Amino acid sequence: MRARKQDRARKSARLDPVDPEWFRTIGDNPGSLRLLEQMSAVIIELDEAGCIVYVTPNVEAICGYTAEELTGSPGERLVHEDDLWLFDELRRSPDSERGPVRYRTRHKDGHWKWIETAGSTSFIAGDGTGHTVSFARDITQLKEAEEAVRASEDRYRVIVESSEDVVFESDSDGNVIFVTPNIEDVLGYSVEEIHAHEAFQPIHPDDVERLQEEFNIAIMGPKPVRMVYRAMHKDGRVRYLQSTGVAYVHPTGGNHFLNFTRDLTPVIEGLSKQKELESRLQHAQRLESLGVMAGGVAHDFNNLLTPVLADASLALADLPADSPIRFRLERIQRTAQRAAELTRLMLAYAGADEIEVEPLDLSKLVKEMSQLLSAGIGEGTTLTYALASDLPLVGGDPGQLTQVVMNLLTNAVEATGTDGGTVAIRTGTGEQADCYASQFPSDFGPGPYVFLEVEDDGCGMDAETQRRIFDPFFSTKFTGRGLGLASVLGILRAHGGAIEIDSHLGRGTKFRVMLPLAEQGSAGRREDTPQAAEPVPPRSMVLVIDDDDGTREITSDCLERAGLRVLLASDGDTGLKRFEQHADEIAVVILDRTMPGVSGEETFDRIRAIRPSVRILLMSGYAEQRAAEAFAGRQLSGFIGKPFLPEDLLAAVSDLIADVGGAGESPSA
């Protein structure tokens, strides 16, 4: 018994695991056979032709065929065509030892499985031919897992590379261990520079502490978090960032934080600009509303002033020179005239004042005003000039633009205070690339412009004062001031210009007035073709159509005192009826532009339809230019503004009556 065991031990020690003699002993040893059947690896022997000489029974669990079905069959019939190179290599070098090889084999039911062979060894069989023995195992699940991982990595790479967001991965201390290359587009730093930074280094100093606290909370839990903060660009600009990410357990241990970071700077800057534009639009709309209100108030106030000023003048004409009440009437007259000047300023603010446009050289205009400007400054104030030569011409009213310069100079001198300072006046040209660049744009669009600057080194203004400085009657001085700059804005609005303010407390203020260039070859006011004249009967008749009782009554008094016959109408309908009844007798119609019901324009057209040659004198509390624009294309005989003096009204009516039988209609007003 002992001799048999020793012989078996010597034989076992002598045989190699892949020696064919070892296979022969398996059949004689049922225990060894059961051991092989339970192994996950399959042992397979191929001859030099690639046919299966032997395969362990557990092959059935892998490919569905029994060992008996596979023995003697060519191994190539089970291998995928793309993997047949394996057999070609076996034939070329049967004696070489190979490492693990992966290939696909067909299962009995038709699907493919992945196999890995390892420990392959070639030897010479008893018949002198080369055989190969190898261990094979099913790695289908491993291969599918590897493919899933690879697909996941590919998807991750595509997502990361195609995302506009910057992808960061940080360790638990906040150090960046991965970042996508588009970080350079956002912060100006390369990937290498970001890796070289310490944790939280590019973050804005004011946000570092808060961001560290939020990060320390985020790194501890699996919940997604969102953080908004500022970072410093490499060039020093501030960028607004939003990071959305989540913490996860890294395979190497410890939590990592993976996040997508988006640059919100364009959005925030866009919202800021939109808010600024909305604020400017609201301010412009408020100023426009104030302008409309100011124009309406000025119109109604002119209606009230008309009988006051005219009655005072008529009363003075009736009084003897030594009358004790004469000085009172003269005071009423002066007060009414000052009130009329106030309404003119209100109309200027509304952009409705009369403008006599002509080509102007702003530098020349300022030079001509130099003596007047010097007289308007105190002894402690120095006035300097920097006037450009050969300026392009602008279209403007010299009187109103002179008022603009004087108002800005007065404002600058007052800002320098009693101690005095320096006020500079400059002219030049510029390009208006953005119509929103001016603080108070009107119809001022892109293109070249001529500017006038008035700058002082005085006290300056805060933001609230700058927002209100053009409001009517707003003033930092004593009560009763404030229409100066408001009228400047109205004048510029009427000229299609704009104004900018640059002011800082303690560092002075600069106003820049910008005016568009004059149109080349612009024509003046068009003259209408006069109608044929008709004779006027003795004691000429005048029809007055006005909805304001005071204006209608004082106009009648003035005309009747001059010996004219007067018909009165309080609205357009009544006026048309009066004219139809006395069309052949009426020499002049005095027509108010603004009336309820039938408008002044419609009344004008219907009167001219009845009698085309009748003289029509337009009367309005608005400026002549605005009235002329409303009656464009119509043949106005003349214009008189409210309030008026009796002598001015009589002169205008007399000229029209005298014109009958002469040269015909006068040019349109």
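I will try to describe carefully the structure that is included in this document. Fair warning: this is a prediction, and the values are worked out from it, not measured in the lab. (Residues numbered from 1 in each chain as written. Predicted model: local features only at pLDDT ≥ 70, side-chain atom pairs only at ≥ 80, totals over all residues. Heavy atoms only, no water.)

Structural notes on the overall build of the protein chain
Turning to step 1, where the next piece is worked out: From N to C terminus, the protein chain includes 22 helices and 22 strands.
Turning to step 2, where the next piece is worked out: Taken across its 669 residues, the protein chain has 45% of its residues classed as buried.
Turning to step 3, where the next piece is worked out: Taking as baseline every contact in the protein chain between residues at least 6 positions apart, the subset at least 24 positions apart corresponds to 62%.
Turning to step 4, where the next piece is worked out: Element-wise, carbon and sulfur atoms account for 52% of the exposed surface of the protein chain, whose accessible area totals about 34,900 Å². (Helix = DSSP H or I, 4+ residues; strand = E, 2+ residues; numbered from the N terminus. Buried < 20%, exposed > 50% of the residue type's maximum accessible area, 1.4 Å probe, protein only. Contact = heavy atoms within 4.5 Å. Areas by Shrake-Rupley, 256 points an atom, 1.4 Å probe, with all protein chains shown as cover.)

Considerations on the sheet that holds strand β19 (residues 565–569)
Adjacent strands of a sheet form backbone hydrogen bonds with each other and so pair up, either parallel or antiparallel.
Turning to step 1, where the next piece is worked out: Within the open sheet, the five strands sit side by side as β19-β18-β20-β21-β22. Their pairing is parallel. Of all the strands in the sheet, the pair left with one neighbour each is β19 and β22 (638–641). Looking at each pair of strands side by side, their axes are set apart by 20 degrees on average, direction ignored.
Turning to step 2, where the next piece is worked out: Here strand β21 (residues 615–620) runs beside β22; their pairing, made up of four bridges, is parallel. Considered in β22, the bridge of L617 is made with G638.
Turning to step 3, where the next piece is worked out: Its contacts with the sheet put helix α20 (residues 600–610) on β18 (541–545), β20 (586–592) and β21, and the angle it makes with β20 is roughly 165 degrees. (Pairing = 2+ DSSP bridges. Axes fitted to C-alpha atoms, helices over the stretch in contact; angles between N-to-C directions.)

With respect to the pairing of strand β10 (residues 255–263)
Two faces make up the sheet, and in a regular strand the side chains alternate between them.
Turning to step 1, where the next piece is worked out: Pairing of strand β6 (residues 166–170) with β10, which is carried by five bridges, proceeds in the antiparallel orientation. Bridge pairing links S170 to F257 in β10.
Turning to step 2, where the next piece is worked out: Two elements, strand β9 (residues 238–249) and β10, share nine bridges in a ladder whose sense is antiparallel. Among the inter-strand pairings, Y248 is bridged to a residue of β10, identified as H256.
Turning to step 3, where the next piece is worked out: The loop that links β9 with its antiparallel partner β10 comprises five residues; one of these, G253, has a positive phi angle of about 105 degrees.

Examining helix α18 (residues 549–561)
Turning to step 1, where the next piece is worked out: Its 13 residues give α18 an end-to-end C-alpha distance of 18 Å, which sits within 8% of 18 Å, the value for a rise of 1.5 Å per residue.
Turning to step 2, where the next piece is worked out: Turning to α18, its buried residues are T551, R552, I554, T555, S556, C558 and L559.
Turning to step 3, where the next piece is worked out: In this structure D548 caps α18, since a side-chain oxygen of it lies 3.4 Å from the backbone nitrogen of G550.
Turning to step 4, where the next piece is worked out: Residue G563 follows α18 closely and has a positive phi angle near 90 degrees. (Expected span 1.5 Å × (residues − 1). Polar contact = N/O pair within 3.5 Å; in protein donor to acceptor, adjacent residues only side chain to side chain.)

A word on the pattern of salt bridges
Turning to step 1, where the next piece is worked out: In the structure shown here, the tally under the stated rule is 27 salt bridges.
Turning to step 2, where the next piece is worked out: Its salt-bridge partner being R102, residue E146 comes within 3.0 Å of it at the nearest N-O pair. Taken as a pair, E146 in helix α7 (residues 140–162) and R102 in strand β3 (residues 101–106) lie far apart in primary sequence, 44 residues in all.
Turning to step 3, where the next piece is worked out: With relative accessibility at 26%, the residue E146 sits in the partly exposed group.
Turning to step 4, where the next piece is worked out: Since its relative accessible area comes to 29%, R102 is described here as partly exposed.
Turning to step 5, where the next piece is worked out: Between E214 and R210 there is a salt bridge, and its shortest N-O distance comes to 3.2 Å. Of the two residues, E214 and R210 are both situated in helix α10 (residues 208–218); the distance of four residues between them amounts to about one turn of the helix.
Turning to step 6, where the next piece is worked out: Overall, the relative accessible area of 31% leaves R210 in the partly exposed class.
Turning to step 7, where the next piece is worked out: Beyond isolated ion pairs, a larger network of salt bridges with shared partners links R426, E453, E455, K510 and R512. (Salt bridge = Lys/Arg side-chain N within 4 Å of Asp/Glu carboxyl O.)

With respect to a positive patch on the surface
Turning to step 1, where the next piece is worked out: Taken together, the side chains of R328, R331, R334 and R338 define a basic patch exposed on the protein surface.
Turning to step 2, where the next piece is worked out: Within the element layout of this structure, R328 appears in helix α12 (residues 326–349). (Patch = residues over 30% accessible without salt bridge, like charges linked within 9 Å, V, L, I, M, F, W, Y side chains within 5 Å. Lys, Arg positive; Asp, Glu negative; His and termini not counted. Charge placed at Lys NZ, Arg CZ, Asp CG, Glu CD.)

Side note on empty space enclosed by the protein
In this approach, a probe sized like a water molecule rolls over the atoms, and the result shows the empty space that is left.
Turning to step 1, where the next piece is worked out: Following the criterion strictly, the structure yields four cavities of 30 Å³ or more and no others.
Turning to step 2, where the next piece is worked out: Its volume calculated, the second largest cavity comes out at about 320 Å³.
Turning to step 3, where the next piece is worked out: Around the second largest cavity, the lining comprises 23 residues; the ones closest to its centre are F168, S170, V176, I203 and Y229.
Turning to step 4, where the next piece is worked out: When contributions to the lining of the second largest cavity are tallied by element, the ones reaching two or more residues are β6, α10, β8 (225–232), β9 and β10.
Turning to step 5, where the next piece is worked out: For the lining of the second largest cavity, a count of residues per class yields 15 nonpolar, seven polar and one charged. (1 Å grid on protein atoms, 1.4 Å probe; cavity = no way out; pocket = protein on both sides within 12 Å on 5 of 7 lines; lining within 4 Å. Points joined across faces, edges and corners; volume = space filled by probe spheres on them. Nonpolar A, V, L, I, M, F, W, Y, C, P; charged D, E, K, R; others polar.)

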